[in-house]
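Chain and residue survey
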Amino acid sequence: MKTIVLKFGGTSVGTIDRIKKVSKIIAFYKKKKNKVLVVSSAMSGVTNELINKSKLISSNFDRAEYDALVSTGEQVSCALIAGRLKHNGFKSRSWTSWQLPILTDGPHSSARISSLGIKELNRYINSGGIPIITGFQGVSKNLRITTIGRSGSDATAIMLAKFIKADECIIYTDVDGVYTTDPRQYKKAKKIKKIFYDEMLEMASLGSKVMQPTSVQDAKLNKIDVEVKSSFVSKSGTLITNSKKAFSDQIITGISSTKNDAKITIVGVKDRPGVAASIFKPLSKNLINVDMVVQNISLDGKETDLTFTIKADDLKKTEKLIKQNKKISFKKLSFDKGVSKVSIIGVGMITTPGITYRMFQALASKKINILVISTSEIKISVLVSVKHVKKAIAALHKEFKLDKL
Ligand code: ADP
Ligand code: ASP
Ligand code: MG
């Protein structure tokens, strides 16, 4: 008898018909005599609606109340799934995170799951029940409801699989696996059968929405193999794993791109040791995430230009913080909201020379200008104008022979 964790995303439970359909998928696993635990996200669009409501109440909505509010969508979908399973004669009940409890550490809206009460759950699954657990949320040590970041139900499922020592963790979504690039953006994208945690982590962090980055990190740390499958069509999916068996010899595994990036350039900054730290300190204090950074070498040692990227949502705040910063002086501040980061990812690049050249050449041949570059062992990212993103993905997909997988 296997213990299986199934997670359903927003679109998978987006309508009453979809909830009936996922109840059938759950029943399929249960009828095979498995112990089945389910994690569900809110019905699609619900979390966004709740966030919009908070914005209408206040532009500075209280963080704790924000979590109490946006976590409610999951309670609805879980109760509906459990209700449908009971209707079909199964033993099932919904479980909100505070009832288990799922304990979290860290700030509101980006907390991390630290522990999960499994005693009651074990008793329930051993008696044949199917628990339906709210994803995306937990409770802090002082018993306030917390959420664990957008798309956080993925992480709930993986942490549940860890604590319950599940044999399988399956993420059901609206695509039938992880593709070489977003299949909704590029029709020639191909499904990847197996992907290493590290590659999936880079793809997720660099904009491939199919898995939430924290969840992949949790899976890697706890050595949990994760399968990504479609709840819409019955097809084999993608296995996220560290097992080296039957991997392809592709150099590049996938291509990711980001949305809503902004580029800031501070021109003519008075150069001295510590100037970059002075610029970034107030940003870090205000939880503004700085991504790519380039600083020109100042030839005369007096002035330099500094360019960096942030999320476009943080642009106004960043502009204000730089202008208010008395520790730096500069000539000009310029912004560009229409930029996007395009990245190629693959463990194969560690051992293959010439990848950077091939990437730059492929982009140059399509007359795509590169604004900023950043690299790590298994990825190369370039910042380009947002209008070039589709063209860049197509050129790179072709260059690294992903069209032919
Ligand atoms: P869920 O609501 O099930 O969590 P998400 O919307 O979070 O689903 O993730 C699924 C979406 O991720 C797909 O609809 C697809 O457009 C997008 N996506 C982005 N990059 C990829 C990729 N490389 N492979 C598959 N899907 C991707
Ligand atoms: N419902 C939450 C969100 O929209 C969590 C999730 O989908 O995983 O972010
Ligand atoms: Mg998701």
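Structure first, text after, so check above.
Attention in this report is confined to the structure presented alongside it. (Residues numbered from 1 in each chain as written. Chains lettered and ligands numbered in written order. Predicted model: local features only at pLDDT ≥ 70, side-chain atom pairs only at ≥ 80, totals over all residues. Heavy atoms only, no water.)

Section: the packing of aromatic side chains
- Summed over the entire model, instances satisfying the criterion amount to 5 aromatic pairs.
- With a centroid separation of 6.4 Å and an interplanar angle of 70 degrees, the aromatic rings of Tyr29 and Tyr172 are classed as edge-to-face. Of this pair, Tyr29 sits in helix H1 (residues 16-31) while Tyr172 sits in strand E9 (residues 168-173); the two residues are 143 residues apart in sequence, bridging distant segments of the chain.
- Residue Tyr29 is classed as buried on the basis of its relative accessible area, which comes to 8%. (Phe/Tyr/Trp six-rings, centres within 6.5 Å; stacked < 30°, edge-to-face > 60°. Helix = DSSP H or I, 4+ residues; strand = E, 2+ residues; numbered from the N terminus. Buried < 20%, exposed > 50% of the residue type's maximum accessible area, 1.4 Å probe, protein only.)

With respect to the environment of Arg358
- Counting through the fold element by element, Arg358 comes out in helix H11 (residues 355-365).
- Discounting chain neighbours no more than four positions away, the residues touching Arg358 are Ile251, Glu399 and Phe400. (Contact = heavy atoms within 4.5 Å.)

Observations concerning the nonpolar core
- Counting 41 residues, the largest nonpolar core has Val5, Leu121, Ile133, Met200 and Met211 as the members making the most contacts within it.
- If you list the elements that add at least two residues to this core, you get strand E2 (35-40), strand E5 (112-116), helix H5 (119-126), helix H6 (153-164), E9, helix H7 (197-205), helix H8 (213-221) and strand E11 (226-230).
- Ignoring any residue separated from it by four or fewer positions in sequence, one finds Leu121 in contact with Leu37, Trp95, Leu100, Leu116, Pro131, Ile133, Leu160 and Ile164. (Core = buried A, V, L, I, M, F, W, Y, C linked by side-chain atoms within 4.5 Å.)

A word on the sheet that holds strand E10 (residues 194-196)
- The 8 strands lie next to each other as E3-E6-E2-E1-E9-E11-E12-E10, forming an open sheet whose pairing is mixed. Either end of the sheet is taken by a strand with one partner, and the two such strands are strand E3 (92-95) and E10. Direction aside, neighbouring strands of the sheet carry axes that sit 20 degrees apart on average.
- Where strand E1 (residues 3-8) and E9 come together, 5 bridges link them in parallel fashion. The residue of E9 that forms the bridge with Val5 is Cys169.
- Against the sheet, H1 engages E1, E2, strand E6 (130-134), E9 and E11, with an angle of about 170 degrees to E1.
- Of the strands in this sheet, E2, E3 and E6 touch helix H4 (residues 72-87), which is tilted by about 165 degrees from E6. (Pairing = 2+ DSSP bridges. Axes fitted to C-alpha atoms, helices over the stretch in contact; angles between N-to-C directions.)

Observations concerning the site of ligand 2
- Around ligand 2 lies a shell formed by Ser41, Ala42, Thr47, Glu74, Phe136, Arg150, Ser151, Gly152 and Ser153.
- Within the backbone of Ser151, one N or O atom sits 2.9 Å away from an oxygen atom of ligand 2.
- At a separation of 2.9 Å, an oxygen atom of ligand 2 approaches a polar side-chain atom of Ser153.
- Protein coverage of the free-state accessible area of ligand 2, which is 260 Å², stands at 88%.
- A per-class count over the shell around ligand 2 returns 2 nonpolar, 5 polar and 2 charged. (Near = heavy atom within 4 Å. Polar contact = N/O pair within 3.5 Å; in protein donor to acceptor, adjacent residues only side chain to side chain. Areas by Shrake-Rupley, 256 points an atom, 1.4 Å probe, with all protein chains shown as cover. Nonpolar A, V, L, I, M, F, W, Y, C, P; charged D, E, K, R; others polar.)

Details of unusual backbone geometry
- Note the cis peptide between Leu100 and Pro101, where omega equals -5 degrees.
- Positionally, Pro101 belongs in the loop between E3 and strand E4 (102-105).
- Positive phi, close to 60 degrees, is recorded for Lys367, a residue that is not glycine.
- Residue placement: Lys367 occurs in the loop between H11 and strand E18 (372-376).
- Among the residues examined, Lys367 registers a relative accessible area of 71% and is labelled exposed.

Re the pattern of salt bridges
- Inspection of every chain in the model, using the stated rule, returns 15 salt bridges.
- Ionic pairing is found between Glu168 and Lys2, a salt bridge with its closest N-O pair at 2.7 Å. With a gap of 166 residues between them, Glu168 in strand E9 and Lys2 in the segment before E1 connect regions that are remote in the sequence.
- Among the charged side chains, a salt-bridge network with shared partners connects Asp176, Lys191 and Lys235. (Salt bridge = Lys/Arg side-chain N within 4 Å of Asp/Glu carboxyl O.)

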